[in-house]
Amino acid sequence: MSEKLSRQQIYDRIRATSRDQFILEEMQRLGFWESPAAPSVSETLIKRGATIQQELNSLLAQDRKYANREAMMKDMRKARMKAAKEKREQTRQKNKQKRLDKAEHWKQLQQEQIIFLGKEVSGGLNNTNSDAYKLQQFNLPVFNTMADLAQSMQLDMARLRYLLFQRKVSRTSHYYVFELPKKSGGKRLIAAPKKQLKYLQQWLLNTVLNPLPVGDAVHGFTRHRSIVTNALPHVNKDIVINVDLKDFFPTISYQRVKGLFQKLGYSEQLATIFALISTQAETKEVEMDGVRYYVQRGARRLPQGSPASPAISNLIAYRLDKKIKGLANQLGFTYTRYADDLSFSGSKEVEQNISRFLYFLKKIITSEGFTIHPDKTHIMRSGNRQMVTGIVVNEKTGIQRSRLRRFRALLHNILVNGWRDQQWGKAVHLINAIEGYIQYINMVNPLKAQQFKNDLDAIISKHGRPIVNKETTVTPVIEKKEVVQPQPSEPEEDKTKPNPVDWWNIFPS
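Quick summary incoming for the structure in this document. The model shown is predicted, which means the values in this text are computed figures rather than measured ones.

## Some words on the environment of Ile 114
On the secondary structure map, Ile 114 appears in the loop between helix 4 (69–112) and helix 5 (132–137). Note: C-alpha distance between Ile 114 and Met 146 (32 residues apart in sequence) is 7.4 Å. Excluding anything up to four places from it in sequence, Ile 114 contacts Leu 125, Met 146, Met 157, Leu 160, Arg 161, Gln 269 and Ile 273.

## Concerning the packing of helix 16 (residues 401–417) against helix 18 (residues 446–463)
Contact geometry for helix 16 and helix 18: axes closest at 9 Å, N-to-C directions at 20°. By the angle between their directions, the pair helix 16 and helix 18 is classed as roughly parallel. Remark: the crossing between helix 16 and helix 18 carries left-handed chirality. Taken together, the residues of helix 18 that come into contact with helix 16 (itself represented by Leu 404, Phe 407, Arg 408, Leu 411, Ile 414, Leu 415, Val 416 and Asn 417) are Lys 448, Phe 452, Asp 455, Ala 458, Ile 459, Lys 462 and His 463. Across the contact of helix 16 with helix 18, the residue classes tally to nine nonpolar, two polar and four charged.

## Quick notes on helix 17 (residues 430–444)
Look at helix 17: 22 Å from first C-alpha to last across 15 residues, which is about the 21 Å you get at 1.5 Å a residue. Inspection of helix 17 places Leu 430, Ile 431, Ala 433, Ile 434, Tyr 437, Ile 438, Tyr 440, Ile 441 and Val 444 among the buried residues, and these make up the whole buried set. Each element contacted by the buried residues of helix 17 is listed here: helix 9 (227–231), strand 11 (391–392), helix 16 and helix 18.

## Topic: the sheet that holds strand 9 (residues 378–381)
Judged by pairing direction, the sheet is antiparallel, and its four strands sit side by side in the order 7-8-4-9 without closing on themselves. Of all strands in the sheet, those with a lone pairing partner are strand 7 (334–338) and strand 9, marking the two edges. Pairs of neighbouring strands in the sheet enclose a mean axial angle of 15°, with direction left out of account. The pairing of strand 4 (residues 239–244) with strand 8 (residues 341–346) spans six bridges and is antiparallel. Paired with Asn 242 across the bridge in strand 8 is Ser 343. Its contacts with the sheet put helix 14 (residues 318–331) on strand 7 and strand 8, and the angle it makes with strand 7 is roughly 155°.

## With respect to the pairing of strand 8
The element strand 8 is extensively covered by neighbouring structure, given that five of its six residues are classed as buried. Here strand 7 runs beside strand 8; their pairing, made up of five bridges, is antiparallel. Residue pairing across strands places Tyr 335 opposite Phe 344, the latter belonging to strand 8.

## A short note on the environment of Ala 281
Position of Ala 281 relative to the elements: it lies in strand 5 (residues 280–288). The spatial distance from the C-alpha of Ala 281 to the C-alpha of Tyr 254 is 9.1 Å, given a sequence separation of 27 residues. The residues touching Ala 281, leaving out its near neighbours within four places in the chain, are Gln 296, Gly 298, Ala 299 and Arg 300.

## Some details on the pairing of strand 5
Put simply, side chains in a regular strand alternate between the two faces of the sheet. The sheet contact formed by strand 5 and strand 6 (residues 291–301) spans eight bridges and is antiparallel. In the sheet register, Glu 285 faces strand 6, and the bridge partner there is Tyr 294. What sits between strand 5 and strand 6 in their antiparallel hairpin is a turn of two residues, with Asp 289 showing a positive phi close to 55°.

## A look at the side chain of Ser 309
Residue position: Ser 309 is located in helix 13 (residues 309–316). Residue class for Ser 309 comes out buried when judged on its relative accessible area of 0%.

## Re the environment of Leu 45
With respect to the helices, strands and loops of the structure, Leu 45 is situated in helix 3 (residues 41–67). On the basis of relative accessible area, Leu 45 is assigned to the exposed category, the value being 58%. With 24 residues separating them in the primary sequence, Leu 45 and Gln 21 have C-alpha atoms 9.5 Å apart.

## Concerning the packing of aromatic side chains
This model, assessed by the stated rule, comprises 18 aromatic pairs. Consider the rings of Trp 424 and Tyr 437, whose centres lie 5.3 Å apart with planes at 55°: the pair is tilted. You can see Trp 424 sitting in the loop between helix 16 and helix 17 and its partner Tyr 437 sitting in helix 17, a full 13 residues away along the chain. Considered together, Trp 424 and Tyr 437 belong to a single accessibility category, that of buried residues. These aromatic residues form a ring-pair network of at least three members: Phe 143, Trp 203, Phe 261, Tyr 266 and Phe 274.

## Thoughts on the nonpolar core
Phe 261, Phe 274 and Phe 344 are the most contacted members of the largest nonpolar core, which totals 70 residues. In terms of nonpolar packing, the next biggest core, distinct from the first, is built from 30 residues, Val 228, Val 240, Ile 391 and Val 393 among them.

## With respect to the sheet that holds strand 6
Strand order in the open sheet made by the three strands is 1-6-5, with antiparallel pairing throughout. On the outer flanks of this sheet lie strand 1 (169–170) and strand 5, each paired with one strand and no other.

Rules behind the numbers
- Residues numbered from 1 in each chain as written.
- Predicted model: local features only at pLDDT ≥ 70, side-chain atom pairs only at ≥ 80, totals over all residues.
- Heavy atoms only, no water.
- Helix = DSSP H or I, 4+ residues; strand = E, 2+ residues; numbered from the N terminus.
- Contact = heavy atoms within 4.5 Å.
- Axes fitted to C-alpha atoms, helices over the stretch in contact; angles between N-to-C directions.
- Parallel < 35°, antiparallel > 145°, perpendicular 65-115°, else oblique.
- Left-handed = near helix turned anticlockwise from the far one by under 90°.
- Nonpolar A, V, L, I, M, F, W, Y, C, P; charged D, E, K, R; others polar.
- Expected span 1.5 Å × (residues − 1).
- Buried < 20%, exposed > 50% of the residue type's maximum accessible area, 1.4 Å probe, protein only.
- Pairing = 2+ DSSP bridges.
- Phe/Tyr/Trp six-rings, centres within 6.5 Å; stacked < 30°, edge-to-face > 60°.
- Core = buried A, V, L, I, M, F, W, Y, C linked by side-chain atoms within 4.5 Å.

Here it is in structure tokens:
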């Protein structure tokens with residue numbers, strides 16, 4: 001039995017088609033209208049009329065809607081808002097995926113590369129091409145990737161980035177900064193690296209700097225040479241001239257150090273990293289709201305206190321030494337250099353060339369970016385005491401007799417009266433100063449040094465060793481977060497070093 005339609009259902013079907021179409025469908029459903037194989041004309045007309053009526057109803061509805069301008073605009077806005085919302089959602093999802101991909105890519109880069117170390121030093125970090133052929137010529141290691149460098153340093157990338165990041169204002173400092181008195185008066189600013197940075201500087205010294213040769217005139221901070229070897233070429237000369245370079249280490253800027261490593265063949269990326277390891281910007285401690293800040297006050301320069309600074313200064317000064325040696329040979333002088341102390345000597349015949357020599361010497365030093373200390377140029381003739389880096393060179397190498405007498409008197413006084421109220425120069429710890437001076441004497445005169453060593457042993461046997469007052473030490477306690485890295489072993493001397501003459505055009509001025 002067929003389901004009976006409600007009045008509302010009948011109205012809805014008539015409204016959706018037409019009255020005739022509804023009657024036709026109901027008569028066919030109830031069996032009163034049996035359609036032949038081909039529809040009759042009247043049936044086709046009824047169905048076609050119903051279709052036309054539906055289209056007409058739709059057109060009339062649109063006409064009614066568009067007749068009302070506000071309703072039409074509302075529908076259009078809804079359509080646009082719907083489309084815009086869908087587009088925004090698509091864009092949001094797309095941007096979210098981009099951020100996720102970028103974060104993942106950055107995370108990967110952080111593990112494999114160093115691409116930013118501060119605004120003023122990161123410009124060349126994307127230049128990773130080193131000159132492997134030139135590096136091999138100088139027996140220097142080649143690092144193809146940052147992973148190779150980090151593995152050689154035995155550091156992860158995050159720790160390396162932390163130690164090298166350049167900040168104008170920071171809450172941490174990688175240096176202990178203090179002052180030491182100079183023998184000539186005044187104070188010398190020392191910036192001693194903390195353990196982690198010192199480890200990197202020691203690695204740089206052993207891995208990159210020590211394999212490089214220095215000029216024949218250099219006797220400071222290089223193996224098998226000392227103040228004694230620096231003084232020997234000037235023994236028993238008629239004329240001895242000492243010249244001092246003012247602010248030798250601080251004169252060597254970050255740019256010059258970076259240029260040195262690039263000239264050696266390292267990429268700008270590696271040169272930047274090596275220069276950041278070995279230079280330091282002067283900072284000032286500022287406390288605000290109970291928090292200590294370190295504010296950078298100047299450009300990065302070579303610090304006094306770094307184990308890598310002496311070797312770098314010798315390499316930077318290579319062209320300076322070459323030019324000065326050429327001038328000295330031309331005018332009949334012998335030349336040696338110990339750090340910032342330049343020493344010259346010659347026979348009586350060179351005395352007429354002194355003024356000319358000093359004039360051109362100043363020009364060479366200025367052209368190479370250094371400055372002569374105006375108060376530390378001394379000309380010593382054979383009739384007077386001649387000294388080179390603290391060693392007397394009149395007839396043979398020796399130490400000032402007056403100073404040795406004072407030292408002998410000090411040891412005798414300590415033996416008789418004990419350690420109390422005794423002093424040697426400006427030394428903070430007397431026992432350390434005495435042992436250091438005996439070692440200094442040993443370099444020049446081992447026999448005399450042994451006599452003083454016996455005197456010191458007698459003092460210690462009678463009075464014991466003095467207690468060093470830890471409160472007077474200049475080195476602060478290392479932060480607890482410092483991680484002690486394994487110290488790199490010092491390489492054996494390389495007998496296949498390149499000839500220093502081949503280095504003439506390498507070093508930046």
